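# Working through the structure, step by step
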Amino acid sequence: MRRRDARVQEPGTIGAPGAARHGEAPGTPRHMNAPKGLPLWLKVTAVTVSVLLVAGIAFAAYWVIRLQSNISKAPLSAGAPRTEAAANDATDRQQILILGSDTRDGKNAQYGSTQDSTGYGQSDVMMLLDISADNKRVSLTSFPRDLLVDVPKCTDPKTNTVYEAHSNVMINSAMAEAGIGCAVDTVNKLTGLQIDHFMMADFNAVKELSNAVGGVNVCVSDAVYDPDSGLRLPKGTSSVQGEQALAFLRTRHGFGDGSDLGRIQAQQGFLSSLTRKIKSDGTLSNPQSLLSIADAVTKNLTVDEGLASVQSLLTIGSRLKDVDLSKVAFVSVPTQPAAVDPNRLELVEPQATQLFAAMRANLDLTTPGATATPSASPSPAASGAPSSSAAPAPSTPAVPAYDKALQPVTVADGTGVASRGQEIAAALVGGGFTKAAHFLAAAVPKTVVYYGTGYADVAPDVANLLGIPASQVELSKGVVGVQVYVGSDFNSGTKYGVASVPSDVVKQTAGDVKCQAVNPALIAR
């Protein structure tokens, strides 16, 4: 009897019949057999995709690490409390304080002495970048370095040293003692805003940025040579980069009347031209170009902790790519020579207060006269008997029962804003109350219209003329006639609760091409 595994192989067969039928190797289970080979083109494609994917990840990681390592950061504030929630970098309105440091440390040593490089330095440039939530408009508001302001109490984040508040000092000194956060707190105090971020660049950043974009076109009215900054340009349009770009922005006496205001106009002209170039080249839509610029700038950039990531910086940059050039406004804070020192500047009132109110109301600064919707306030009700505890209801009869020109109306200016009382009195005169007068009074937070006995019908009309609600009209036996006691809640405009854009604050837009007027003393012969 034969064993089953010793069967005689039939002629013409190889291996077992099952193996021949299924193409399997002898003695190999079916589930262990290798699959048929993949087509060569599919193998090549798979390898190529894998290589590209790995290379892309490596490239992205390289740039993230490189840019992140470039960034220096510092606290946003030097101790001032913040009452607003942090804004979303991608979707909310953004206010970013842009500072140019005059420190001569490191690569900037060639622009000054060792003494110049000590401490935090001072802000050679100060601009507030404001991006609307819908990304349709941008403003850059310049603050002259010579502007006299009040600096709040600040704490140095490195040493915890507390510096008491200073009054009537140059705004560029705000960060000298306690760092960049103190400059932010100072601008917040001055404007009533709450800035979201800051960016501070040094001299080298300007050179690197101008080189990265291949130069920036600037125009001058005459050939200019400034031995202090090293600026030397022929009449007309020139492309500047590197040292000459820096010299154009640094020159203190090269333009206008040789003051800081002429320098600000040149800086705004440079940034306007830079904006046009970046927009025309499609830089903000080109990741590679954007990375190149980001690399050049971040090497010399200090930002607040909330902005200290590559993603945050790229998000801010990408928001600017679709803004119309006519809606990129360059604004100058209204100033005049200071009464205490003609070599310094002070705010012009009430225009400065009106500008800050318009900024707080998020108005389009390129539209002079634009107003914000006033906050809800009580509506005038039907007339009633006045009393010390209940306000009379304003009424607007078609024909007043009295002669406005004969009514004793005064304005008590409790705003602390120069010429504010005169402005309100002028509005009353324009409304027919031609005897309106004004005087300075103790500061108060809230505006109230007071009236004496026999003037219950006049007070509502005065209130209506200025937009003051009925709830803020009160009987006062110590008042003769009508008195508008103007408080800090009504420190701009002539309509209570309504902010408006003052005229002549926008000096140019990014769509304007301007030649800078050269200071006659520096015209190259």
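Basis of the calculations
- Residues numbered from 1 in each chain as written.
- Predicted model: local features only at pLDDT ≥ 70, side-chain atom pairs only at ≥ 80, totals over all residues.
- Heavy atoms only, no water.
- Pairing = 2+ DSSP bridges.
- Helix = DSSP H or I, 4+ residues; strand = E, 2+ residues; numbered from the N terminus.
- Axes fitted to C-alpha atoms, helices over the stretch in contact; angles between N-to-C directions.
- Contact = heavy atoms within 4.5 Å.
- Buried < 20%, exposed > 50% of the residue type's maximum accessible area, 1.4 Å probe, protein only.
- Core = buried A, V, L, I, M, F, W, Y, C linked by side-chain atoms within 4.5 Å.
- pLDDT = per-residue confidence, 0-100.
- Disulfide = S-S within 2.5 Å.
- Salt bridge = Lys/Arg side-chain N within 4 Å of Asp/Glu carboxyl O.
- 1 Å grid on protein atoms, 1.4 Å probe; cavity = no way out; pocket = protein on both sides within 12 Å on 5 of 7 lines; lining within 4 Å.
- Points joined across faces, edges and corners; volume = space filled by probe spheres on them.
- Nonpolar A, V, L, I, M, F, W, Y, C, P; charged D, E, K, R; others polar.

## Some details on the sheet that holds strand 18 (residues 409-413)
- An order of 19-18-22-20-21 is seen for the five strands of this open sheet, with the pairing classed as mixed. Looking along the sheet, the strands with just one partner apiece sit at the ends: strand 19 (437-440) and strand 21 (473-475). Along the sheet, successive strands turn relative to each other by an average axial angle of 25°, direction set aside.
- Both strand 20 (residues 448-451) and strand 22 (residues 482-486) contribute to a ladder of four bridges, which runs antiparallel. Looking at strand 22, one finds that Val448 is bridged to Tyr485.
- In this fold helix 11 (residues 420-430) packs onto strand 18, strand 19 and strand 22, with an angle of close to 155° to the strand it touches most, strand 18.
- Sheet contacts for helix 12 (residues 458-466): strand 18, strand 20, strand 21 and strand 22; angle to strand 22, the most-contacted strand, approximately 35°.

## Describing the side chain of Arg263
- Turning to its location among the elements, Arg263 is positioned in helix 7 (residues 260-281).
- On the accessibility criterion, Arg263 (3% relative accessible area) is buried.
- Ignoring anything within four residues of it in the chain, the contact list for Arg263 reads Asp124, Arg145, Leu249, Arg250, Thr251 and Arg252.

## Things to note about the nonpolar core
- Leu233, Phe248, Phe270 and Val303 are the most contacted members of the largest nonpolar core, which totals 45 residues.
- Not counting residues within four places of it along the chain, the set of residues in contact with Phe248 comprises Val218, Val220, Leu231, Leu233, Phe255, Ala266, Phe270 and Gln516.
- In terms of nonpolar packing, the next biggest core, distinct from the first, is built from 42 residues, Phe143, Leu147, Ala174 and Met359 among them.

## A closer look at the confidence of the model for the protein
- Per-residue confidence for the protein averages 82 on the pLDDT scale, and 80% of its residues sit at or above 70.
- Averaged pLDDT values for the elements of the protein fall to 44 in helix 1 (residues 17-22) and rise to 97 in strand 22.
- Across residues 1-25, where pLDDT falls below 50, the model places seven contacts with residues more than four positions away in sequence or in other chains.
- Segment residues 108-113: pLDDT under 50, and 15 contacts once partners within four positions in sequence are set aside and those in other chains are kept.

## Looking at the environment of Val328
- Relative to the helices and strands, Val328 is located in strand 15 (residues 328-332).
- Between the C-alpha atom of Val328 and that of Asp130, which follows or precedes it by 198 residues, the distance is 9.7 Å.
- Contacts of Val328, omitting those with residues within four sequence positions, involve Val138, Val323, Gln508, Thr509 and Ala510.

## Brief notes about the state of the cysteines
- Tallying each qualifying case throughout the model produces two disulfides.
- Cys154 shares a disulfide with Cys182; S-S distance 2.1 Å. Note on the Cys154 and Cys182 pair: the S-S dihedral is about 80°, so by sign convention the disulfide is right-handed. Remark: Cys182 occurs in helix 4 (residues 180-191) and Cys154 occurs in strand 6 (residues 154-155); sequence separation between them is 28 residues. Just as Cys154 is buried, Cys182 falls in that class too.
- Here Cys219 connects covalently by a disulfide to Cys515, the sulfurs 1.5 Å from one another. Remark: Cys515 occurs in the segment after strand 23 (506-509) and Cys219 occurs in strand 10 (residues 216-220); sequence separation between them is 296 residues.
- For Cys515, a relative accessible area of 44% gives the class partly exposed.
- With its disulfide-bonded cysteines labelled consecutively along the sequence, the protein is connected as 1-2, 3-4.

## Regarding the pattern of salt bridges
- Tallied over the full model, the rule gives 12 salt bridges.
- The partner of Asp124 in a salt bridge is Arg145, and the shortest N-O contact between them spans 2.6 Å. A residue pair is termed long-range when its members are at least 10 positions apart, and Asp124 in strand 3 (residues 123-131) and Arg145 in the loop between strand 4 (138-142) and strand 5 (148-151) qualify at 21 residues.
- Since its relative accessible area comes to 18%, Arg145 is described here as buried.
- Residue Asp260 pairs with Arg252 through a salt bridge whose shortest N-O separation is 4.0 Å.
- Residue classification places Arg252 among the partly exposed positions, given a relative accessible area of 25%.
- Several salt bridges share partner residues, and in doing so they unite Asp124, Arg145, Asp146, Arg252, Asp260 and Arg263 into one network.

## Looking at empty space enclosed by the protein
- According to the stated counting rule, one finds three cavities of 30 Å³ or more in the structure shown.
- What the largest cavity holds in volume is close to 1,300 Å³.
- Ile98, Met199, Leu209, Leu271 and Leu274 are, among the 47 residues lining the largest cavity, the residues nearest its centre.
- Broken down by element, the residue count for the lining of the largest cavity peaks at eight residues, all from helix 7.
- Looking at side-chain class alone, the lining of the largest cavity contains 35 nonpolar, seven polar and five charged residues.
- The space that makes up the second largest cavity amounts to roughly 110 Å³.
- As for the second largest cavity, its lining consists of 16 residues, and the residues nearest its centre are Asp130, Arg137, Ser139, Leu363 and Leu365.

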